[in-house]
Amino acid sequence: MQTHAPPGAGSTPDRTGALPAESARRIYRDMLTARLLDTEAIALQRQGVFPAYVSLRGQEAAQVASAAALDRDRDFAFPTYREMAVALTLGVDMVGYLASHRALWHGGRYDPIASRFGSINAVVGGPVPHAVGWALGERLRGETGCAIAYFGDGASSQGDVHEALNFAGVFGSPVVFFCQNNRWALSVPNERQIAGGSIAARAAGYGMPGITVDGNDAAAVHNATRSALDRARSGGGPTLIEALTYRLAPHSTSDDTTRYRDRGEEHAWQERDPLPRLGTALEEAGHADTAFFEQIEDGARAAVERIRDGIATAPPPAGSDLFTYVYREPTEELARQQRLWREEVEP
Ligand SMILES: Cc1ncc(C[n+]2csc(CCOP(=O)(O)OP(=O)(O)O)c2C)c(N)n1
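### Focus: the packing of aromatic side chains
Argument step 1. Applying the stated criterion across every chain, the model contains 15 aromatic pairs.
Argument step 2. A centroid spacing of 5.9 Å and a plane angle of 75° characterise the contact between tryptophan 105 and tyrosine 325, whose relative ring orientation is edge-to-face. Pair noted here: tryptophan 105 is in the loop between helix H4 (94-98) and helix H5 (112-115) and tyrosine 325 is in the loop between helix H11 (290-312) and helix H12 (332-345), with a separation of 220 residues, a long-range link.
Argument step 3. With centroids separated by 5.1 Å and ring planes inclined at 5°, the aromatic side chains of tyrosine 246 and tryptophan 269 adopt a geometry described as stacked. On the criterion of sequence distance, the pair formed by tyrosine 246 in the loop between strand E7 (239-244) and helix H9 (263-270) and tryptophan 269 in helix H9 is long-range, its members being 23 residues apart.
Argument step 4. For tyrosine 246, a relative accessible area of 1% corresponds to the buried category.
Argument step 5. Seen from the ring of tryptophan 269, arginine 272 lies directly overhead, with NZ or CZ sitting 5.0 Å from the centre.

The structure is reproduced here in structure tokens:
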């Protein structure tokens, strides 16, 4: 755990050496695959295949290293619209994930229960109370799973997030509140979002530890998330982690950062890019060599090509599916409308 150094103020120590070699290599592989897929998704938007896309460039360490700490059989991740690399790390079908960006399906076309990754949620702060509710249910069922709730610095101002933190604090729910503070909530900077100095500092008021980590340091993120999960699983209650990172790309493909932020700031953060940083740390620790990097890149490129071809050729869903997932058990009225749709619109 470490405090944040402002851009250009020198590097914070890398803790990659603290990760077992195999974990660090897997995290690097997933970070690189996410980076390449992110780049491909932007290209697909430019080509008109996706109406819009939301890049996570620069946040790969925060996402992959936190998700890699989860127990994929027991835990559950509640994402926003920017957690593509969390989905990838948890093994979500990425063609199904990107179906949302191709406007084929709301919230992703994958099984959230099987993948332990909730539906993509565009409501700022929305997934956070869901995580608390799920975690409480898990304990009532006598199970040992923990929830991780992803949210941004902007979301931290939402009432939903405060209610969820307070509820989890009072009931000791097994939740990791994982805030990716990427410095900007669209065009609103941290300075206009946080009066008390940090988001982690708010945790004290909810009766839980608040931890600040360098979100561009994969090992620091991984270790902090693992400790918070261990604490939650053993009955210690929730933790708030604030991962300090930076959104290197625009908010979305519809955004223009030149209208609100300085190029110099972007360049300073570019130098703290988590991907080459982990690559260098792996090399220096003797965990990776040229052959490793070549092999990982070939594999990542092949995976991205498969996903690109899959999403470009994915068939549109049946219109009658509009009615399928509104409720777990369809109401009579919805069943009637679905029947009519099948008879009259899609005979
Ligand atoms: C409840 C709600 N209010 C407003 C919006 C519009 N909106 C979309 S993204 C965004 C900024 C969110 O910033 P942050 O939480 O920091 O996450 P980031 O996009 O940086 O990952 C806003 C205000 C929304 N989607 N939902």
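Here the narrative resumes.
### Examining the domain arrangement of the protein chain
Argument step 1. Its domain assignment divides the protein chain into domain 1 (16-316) and domain 2 (319-347).
Argument step 2. For domain 1 versus domain 2, the separation of C-alpha centres amounts to 35 Å.

### Regarding the site of the ligand
Argument step 1. What surrounds the ligand is a group of 15 residues, the closest being Tyr81, Arg82, Ala122, Gly154 and Ala155.
Argument step 2. One of the side-chain N or O atoms of tyrosine 81 is found 2.7 Å from an oxygen atom in the ligand.
Argument step 3. Within the backbone of tryptophan 184, one N or O atom sits 3.0 Å away from an oxygen atom of the ligand.
Argument step 4. For the shell around the ligand, the residue count by class is eight nonpolar, five polar and two charged.

### Considerations on empty space enclosed by the protein
Summary: where empty space remains is shown by rolling a probe the size of a single water molecule over the atoms.
Argument step 1. Counted under the stated rule, the structure contains one cavity of 30 Å³ or more.
Argument step 2. For the largest cavity, the full set of lining residues is Phe151, Ser156, Val161, His162, Leu165, Ile199, Arg202 and Leu240.
Argument step 3. Top contributing element to the lining of the largest cavity by residue count: helix H7 (residues 159-171), with three residues.
Argument step 4. Its residues placed into classes, the lining of the largest cavity shows five nonpolar, two polar and one charged.

### Some thoughts on the layout of surface pockets
Argument step 1. Its boundaries defined by the atoms lining it, the largest pocket holds a volume of some 800 Å³.
Argument step 2. Along the walls of the largest pocket sit 28 residues, with Trp105, His106, Gly108, Ser119 and Tyr325 positioned nearest its centre.
Argument step 3. Those elements giving two or more residues to the lining of the largest pocket turn out to be strand E1 (76-78), H5 and helix H6 (127-140).
Argument step 4. Mapping the lining of the largest pocket onto the domain boundaries places at least three of its residues in each of domain 1 (16-316) and domain 2 (319-347).

### Observations regarding the side chain of glutamine 338
Argument step 1. Structurally, the position occupied by glutamine 338 is in helix H12.
Argument step 2. By relative accessible area, which is 14% here, glutamine 338 ends up buried.
Argument step 3. When near neighbours in sequence (up to four residues on either side) are disregarded, glutamine 338 contacts Ser320, Asp321, Phe323 and Thr324.

### Observations regarding unusual backbone geometry
Argument step 1. Phi is positive for alanine 103, close to 60°, though the residue is something other than glycine.
Argument step 2. On the secondary structure map, alanine 103 appears in the loop between H4 and H5.
Argument step 3. Unusually for a residue other than glycine, leucine 186 sits at a positive phi of about 55°.
Argument step 4. You can see leucine 186 is positioned in the loop between strand E4 (184-185) and strand E5 (188-189).
Argument step 5. Residue classification places leucine 186 among the partly exposed residues on the basis of a relative accessible area of 41%.

### Observations regarding the pattern of salt bridges
Argument step 1. All told, the structure shown has 14 salt bridges when counted by the stated rule.
Argument step 2. For the salt bridge of arginine 301 with glutamate 297, the shortest nitrogen-to-oxygen distance reads 2.8 Å. Linking arginine 301 with glutamate 297, this pair stays in helix H11, spanning four residues, or about one helical turn.
Argument step 3. What makes arginine 301 partly exposed here is its relative accessible area of 42%.
Argument step 4. The residue arginine 308 makes a salt bridge to aspartate 309 at a minimum N-O spacing of 3.2 Å.
Argument step 5. Using a relative accessible area of 29% as the deciding quantity, one classes arginine 308 as partly exposed.
Argument step 6. Look at aspartate 309 and you get partly exposed, because its relative accessible area is 41%.
Argument step 7. Among the charged side chains, a network of salt bridges with common partners joins Arg35, Glu60 and Asp273.

### Some points on the sheet that holds E1
Argument step 1. The strand order across the open sheet formed by five strands is E1-E2-E3-E7-E6, and the pairing between neighbours is parallel. Edge positions in the sheet fall to E1 and strand E6 (210-214), since each of these pairs with one other strand and no more. Geometrically, the sheet is characterised by an average inter-axis angle of 20° between neighbouring strands, direction not taken into account.
Argument step 2. Note: E6 against E7, five bridges, orientation parallel. In the sheet register, threonine 212 faces E7, and the bridge partner there is glutamate 242.
Argument step 3. Each of E1, strand E2 (147-152) and strand E3 (175-181) is contacted by H6, which is oriented at about 170° to E2, the strand it contacts most.

Quick notes on the rules
- Residues numbered from 1 in each chain as written.
- Predicted model: local features only at pLDDT ≥ 70, side-chain atom pairs only at ≥ 80, totals over all residues.
- Heavy atoms only, no water.
- Phe/Tyr/Trp six-rings, centres within 6.5 Å; stacked < 30°, edge-to-face > 60°.
- Helix = DSSP H or I, 4+ residues; strand = E, 2+ residues; numbered from the N terminus.
- Buried < 20%, exposed > 50% of the residue type's maximum accessible area, 1.4 Å probe, protein only.
- Lys NZ or Arg CZ within 6 Å of the ring centre and 35° of its normal.
- Domains from an automatic or database assignment.
- Near = heavy atom within 4 Å.
- Polar contact = N/O pair within 3.5 Å; in protein donor to acceptor, adjacent residues only side chain to side chain.
- Nonpolar A, V, L, I, M, F, W, Y, C, P; charged D, E, K, R; others polar.
- 1 Å grid on protein atoms, 1.4 Å probe; cavity = no way out; pocket = protein on both sides within 12 Å on 5 of 7 lines; lining within 4 Å.
- Points joined across faces, edges and corners; volume = space filled by probe spheres on them.
- Contact = heavy atoms within 4.5 Å.
- Salt bridge = Lys/Arg side-chain N within 4 Å of Asp/Glu carboxyl O.
- Pairing = 2+ DSSP bridges.
- Axes fitted to C-alpha atoms, helices over the stretch in contact; angles between N-to-C directions.

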